[in-house]
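Breakdown of the fold
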Protein chains: 2
Amino acid sequence: MDRDTGSGGPSTPSGPTARLRRRKGSNEVPPEVETNSDRLLFNDRNKYKSMLIRTYSTVWMIGGFASIIYLGHLYIWAMVVVIQIFMAKELFNLLRKAHEDRQLPGFRLLNWHFFFTVMLFVYGRILSQRLVNTVTMDKFLYKLVGRLIKYHMVTCYFLYIAGFMWFILTLKKKMYKYQFSQYAWTHMILIVVFTQSAFTVANIFEGIFWFLLPASLIVINDIAAYIFGFFFGRTPLIKLSPKKTWEGFIGASFATMISAFVLANILGRFQWLTCPRKDLSTGWLECDPGPLFKPEYFTVPQWFPEWFPWREISILPVQWHALCLGLFASIIAPFGGFFASGFKRAFKIKDFGDSIPGHGGITDRMDCQMVMAVFAYIYHQSFIVPQSLSIEMIMDQILMNLTFEEQRALYTKLGQIIMEKQFGES
Amino acid sequence: MDRDTGSGGPSTPSGPTARLRRRKGSNEVPPEVETNSDRLLFNDRNKYKSMLIRTYSTVWMIGGFASIIYLGHLYIWAMVVVIQIFMAKELFNLLRKAHEDRQLPGFRLLNWHFFFTVMLFVYGRILSQRLVNTVTMDKFLYKLVGRLIKYHMVTCYFLYIAGFMWFILTLKKKMYKYQFSQYAWTHMILIVVFTQSAFTVANIFEGIFWFLLPASLIVINDIAAYIFGFFFGRTPLIKLSPKKTWEGFIGASFATMISAFVLANILGRFQWLTCPRKDLSTGWLECDPGPLFKPEYFTVPQWFPEWFPWREISILPVQWHALCLGLFASIIAPFGGFFASGFKRAFKIKDFGDSIPGHGGITDRMDCQMVMAVFAYIYHQSFIVPQSLSIEMIMDQILMNLTFEEQRALYTKLGQIIMEKQFGES
């Protein structure tokens, strides 16, 4: 935000490339949107001040974030929910017209009704099995939760339908178009916000590692792109985000890949981060994190320079997967940012909000995170969850969803089928 | 469509209520939208011609529909896909501006790219297990399909991301707003079209009954409302759909409830309709359709009139559930229609398309079907799938997803756990 303002007359780009580009582009640039944005960060006098503000809030965010990671899964989830509410608030306000809203009492309430309905639905689905695991000790609670989960979907459906009917019954003449646009906009927001959060929360409970590594890579890529662009940026990358440069993009890619490899080695050694959480408590976690997190030892080749402190290095197999995440975080995830830039340009807004000094709104920081969280989840499901785990998953289902009598019935039935197959084969 | 046009001077409402309402409302009605629509069907001279056209295409539709039901699950699915493509086509065209599109080559292709990506995703999810069941005989195919399914999600994700990047890279200056609006609109269409079809197809494979009964109830309710409104309609129901009357609404509710009860009794007796389909073949179906479809016999009380042909009637328990579906189809599903009406009014369009003579576009016929299909699925999942079935579902999972060795490993593990529990209790 700050870096766009106040860069007045004297701070024009002076590199020959920039000047050339500027002259060529000058007739296609609508002046009200892009007067300043055409200048790269390189050689901008205000950039030092802007960098300071941005660094300051970044440090604060990282500190708060680390504490929350330490506190555990439930707190991280709470953080995601808070972020989510802020994002929804910023986005709900974005295309709102106060004038029209005054004539529609309760219209904003309806948005939040949909928001909390979807929240109930999404988190209910992700966390219901873990909730069951948490209350197995108490027979009454266990039954109650079981019943709640059974009717969870139908409850959410009726909450949604109630909102839907409410919307239709409060349609006002001459406001139809505004109301329908807002309805569509609300649904777009719900998709954006909940795609992000649902996958993020699913990642958290698969093991904080699968949330923390991707999220960190985005932050690292962002900061690295900023720093590389700051010091070396000359060649503009894409018209949508005129402050982004090829130098920043490529430099950040390397930095991110290296960070991914190193970070996975560090994070992969804490069971607190690698174990999946199968209930909703905050207690200590212990598990066999599986072969991905078992270090393999490699002897450093003879020709390696003497100053290299280790003669033997240990590598976790998960580090190779981390490279894939790093590649995605640096090449594809930035498109989330381009999309957000384009959107802001299309609707002539500077930022989605102003919750974080120097960064703009929370939504401005979440654009790439969203693309990344979805990828991390799908990558985890497709390439990490090993075949052998599916026995465990089915076992969980059996123990969670069936009564003891049903478990015995299943056992007998399965025994018969196995007998038949063995008999049929021999 | 036809019934809205050509009702000129002489066909003004003549009932005292209608006249009163007309006078009172006249100053709030914007003339360009509602000059004709303020008149109820009752006493409209053109209504006979319009009814004929509508009846004709309705009969054709019902005939074609019945043949498809007879052919089986795969053909019904194909029908749903065709309907879906037509709907998407109608809706994609709706907010399109030909002028803007000319400057954006390949922009429509992108819409269809998203469409088929979502289609691959949705049907892959619903039908993958059934595909596995179909190819179990051939070891090579079985392995191939297993692999395809394993990478199904990640494939769809990358197809989507490819479209997303394509969108961003083809953003054109001065077209941003149009392009982003179209992007949002595309996503709204995909939600609308695929919510409908995904739930519909899921219903079909749970047993055609769960697709056919709800769909029929909507059609019956629609026709009944039309007929009741035609003969008795005087009191307007809602401003959004000025042709709808309370008489039609209430009459149709009764007709729908009765039809639901009777229809469930008839449909519930065919195994072709009640058995779930667990593979993708079109072969004959045989199963134990469960207690819901076992007739219970009731003796007709003595005081029943002599002309009543049966002394004993058989009722299937599923008929009570059918009443719930009927209630929903007649009270809540019409809101789908109101929503569509409101939408058409907001964007000043008459119909979503003109695929069916007298009915408008396919989308115009699908508005309530969508709300209903979702309800039918959720109702089925929440209230019909009995507890004892979940053993069967888990059994299916075991047999489908695990190799024989894994099945044996699971069997041993489960045996141990059951032993432990029994030992712990005694």
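All residue numbers here refer to positions counted from 1 along the written sequence of the relevant chain. A letter from A marks each chain and a number from 1 marks each ligand, given out in the order of writing. Residue-level local features of this predicted model are given only where pLDDT is at least 70; pairs of side-chain atoms are given and counted only at 80 or more, and the full residue set underlies all totals for whole chains, interfaces and linings. As a rule here, side-chain values come from all non-hydrogen atoms in the structure, and water together with hydrogens is ignored.

Chain A is annotated in an unreviewed UniProt entry as Phosphatidate cytidylyltransferase from Salvia divinorum. Quoted verbatim from the Function (unreviewed entry) field of the UniProt record, the comment on chain A reads "May be involved in the synthesis of minor phospholipids and in modulation of IP3-mediated signal transduction." UniProt positions are given in the numbering used here, feature names are shortened, and annotations may be inferred rather than shown by experiment. For the record of chain A, the UniProt heading Sequence similarities (unreviewed entry) holds the text "Belongs to the CDS family."

Helix and strand counts for chain A stand at 17 helices and 4 strands. The rule is simple: take the accessible area with a 1.4 Å probe, protein chains only, and divide by the maximum for that residue type; under 20% is buried, over 50% is exposed, in between is partly exposed. Put simply, chain A has 426 residues, and 50% of those count as buried. For chain A, the share of sequence-separated contacts (at least 6 apart) that also reach a separation of at least 24 residues comes to 73%. When the accessible surface of chain A is summed, it comes to about 21,600 Å², and 67% of that surface belongs to carbon and sulfur atoms. The helix and strand labels rest on DSSP assignments: H or I over at least four residues marks a helix, E over at least two residues marks a strand, and numbering proceeds from the N terminus. Only heavy atoms matter for contacts: two residues are in contact if any of them lie within 4.5 Å across the pair. Computed by Shrake-Rupley with a 1.4 Å probe, the accessible areas treat only the displayed protein chains as cover when residues are assessed.

Time to look at the packing of aromatic side chains. Here the aromatic set is Phe, Tyr and Trp, taking the six-membered ring for Trp, and pairing holds for ring centres within 6.5 Å; pairs whose planes are under 30 degrees apart are stacked, those over 60 apart are edge-to-face, and all others are tilted. The tally for this structure, following the rule as stated, stands at 77 aromatic pairs over all chains. On the basis of an interplanar angle of 5° and a centroid distance of 5.7 Å, the ring pair of W185 of chain B and F343 of chain B is categorised as stacked. Taken as a pair, W185 of chain B in helix α9 (residues 176-206) and F343 of chain B in helix α14 (residues 334-346) lie far apart in primary sequence, 158 residues in all. One exposure class covers both W185 of chain B and F343 of chain B, and it is buried. Through successive ring pairs, a cluster of aromatic residues spans F114, Y160, F164, F167, F180 and Y183 of chain A together with W185, F339, F343 and F347 of chain B.

A few words on helix α15 (residues 362-384) of chain A. Residue and element names in this part refer to chain A. Helix span is expected to be 1.5 Å times the residue number reduced by one. A rise of 1.5 Å per residue sets the reference length of α15, with its 23 residues, at 33 Å; its end C-alpha atoms lie 31 Å apart and thus fit the reference within 8%. Bending of α15 peaks at approximately 35° at the position of C368. Burial analysis of α15 places 20 of its 23 residues in the buried class, which makes it a mostly covered element. Here the bend at a residue means the angle between the axes of two seven-residue stretches, the one that ends at it and the one that starts at it.

Residue and element names in this part refer to chain B. In plain terms, two cysteine sulfur atoms within 2.5 Å form what is called a disulfide here. Under the defined criterion, the tally for this structure stands at 2 disulfides over all chains. At a sulfur-sulfur separation of 2.0 Å, the disulfide partner of C275 is C287. What sets the handedness of the C275 and C287 disulfide is the S-S torsion sign, and at about -95° it is left-handed. You can see C275 sitting in the loop between α12 (271-274) and β1 (296-299) and its partner C287 sitting in the loop between α12 and β1, a full 12 residues away along the chain.

Moving on, we get to the UniProt feature "transmembrane region" (unreviewed entry) in chain A. Residues and elements named next belong to chain A. Sites flagged by UniProt as "transmembrane region" (unreviewed entry) map to residues 59-88, 109-128, 148-171, 183-202, 208-233, 245-267 and 318-340. The span residues 59-88 shows a helical share of 97% and a strand share of 0%, and its end C-alpha atoms are spaced 25 Å apart. Span residues 183-202 is 100% helix and 0% strand, its end C-alpha atoms 28 Å apart.

With 75 residues of chain B at the contact, the number on the chain A side is 73 residues. Reported buried area values correspond to the accessible surface (1.4 Å probe) lost by two parts on association, with both partners' losses combined. When chain B packs against chain A, close to 7,200 Å² is buried across both sides, 80% of that on carbon and sulfur atoms. What counts as a salt bridge is simple: a side-chain nitrogen of Lys or Arg found within 4 Å of a carboxyl oxygen of Asp or Glu. In this structure, the connection of chain B to chain A is made through 0 salt bridges. A 3.5 Å cut-off defines polar contacts: any pair of N or O atoms within that distance qualifies, except that in protein one atom must be a possible hydrogen donor and the other a possible acceptor, and neighbouring residues in sequence count only when both atoms are side-chain atoms. In this structure, the connection of chain B to chain A is made through 2 residue pairs in polar contact (both at pLDDT 80 or more). Secondary-structure elements contributing two or more residues to the side of chain B that touches chain A are α8 (152-169), α9, α14, α15 (362-384), α16 (389-401) and α17 (404-425) of chain B.

Now for the side chain of S216 of chain B. With respect to the helices and strands, the residue S216 of chain B is situated in helix α10 (residues 209-232). In this structure the side chain of S216 of chain B is engaged in a polar contact, spanning 2.5 Å, whose partner is the backbone oxygen of L212 of chain B.

Now for unusual backbone geometry. Phi angles above zero are rare outside glycine, and K174 of chain A is one such case at about 70°. The residue K174 of chain A is located in the loop between α8 (152-169) and α9 (176-205) in this model.

As a further point, take the pairing of strand β2 (residues 241-245) of chain A. Residue and element names in this part refer to chain A. For β2, the buried fraction is high: 4 of the 5 residues fall into the buried class. Whether two strands pair depends on DSSP finding at least two bridges between them. When strand β1 (residues 236-238) meets β2, the two strands line up antiparallel, connected through 2 bridges. Note on β2: the bridge partner recorded for P236 is T245. Here β1 hands over to β2 after 2 residues, the two strands then running antiparallel side by side.

Overlaid copies result from least-squares superposition on C-alpha atoms, with residues included only where pLDDT is at least 70 in both. Superposing chain B onto chain A takes a rotation of 180° combined with a translation of 0.0 Å along the rotation axis, leaving an RMSD of 0.1 Å. Taken together, the turn and the small shift mark the pair as related by a two-fold rotation axis. Residue Y411 of chain B, judged by its C-alpha, is the member of chain B lying nearest the rotation axis, at 3.2 Å. Comparing contact sets, 97% of the residues at the interface of chain B also lie at the interface in chain A, consistent with an isologous, same-surface contact.

Residues and elements named next belong to chain A. Relative to the helices and strands, P295 is located in the loop between α12 (271-274) and β3 (296-299). Put simply, P295 and V80 are 215 residues apart on the chain and 31 Å apart in space, counted from C-alpha to C-alpha. Residues in contact with P295, not counting those within four places in the same chain, are R269, S314, I315 and L316.

A few words now on α9 of chain A. All names here are of chain A. Helix length check: α9, at 30 residues, gives a terminal C-alpha distance of 43 Å against a target of 44 Å (1.5 Å per residue), a fit within 8%. Helix geometry: α9 is bent most strongly at F194, by close to 25°. Counting buried positions over the 30 residues of α9 gives 23, a clear majority of the element.

All right, on to the side chain of T245 of chain B then. Residues and elements named next belong to chain B. Inspection of the secondary structure assignment puts T245 in the loop between α10 and α11 (246-267). For T245, a relative accessible area of 5% gives the class buried. In terms of polar contacts, T245 uses its side chain to reach the backbone amide nitrogen of G248, at 3.1 Å.

Right, let's get into the environment of R125 of chain B. All names here are of chain B. When you line up the elements, R125 lands in helix α6 (residues 107-134). Assessed through its relative accessible area of 54%, R125 is described here as exposed. The spacing of R125 and L414 is 289 residues in sequence and 28 Å in space, taken between C-alpha atoms. In contact with R125, other than residues within four places in its own chain, are H152 and M153.

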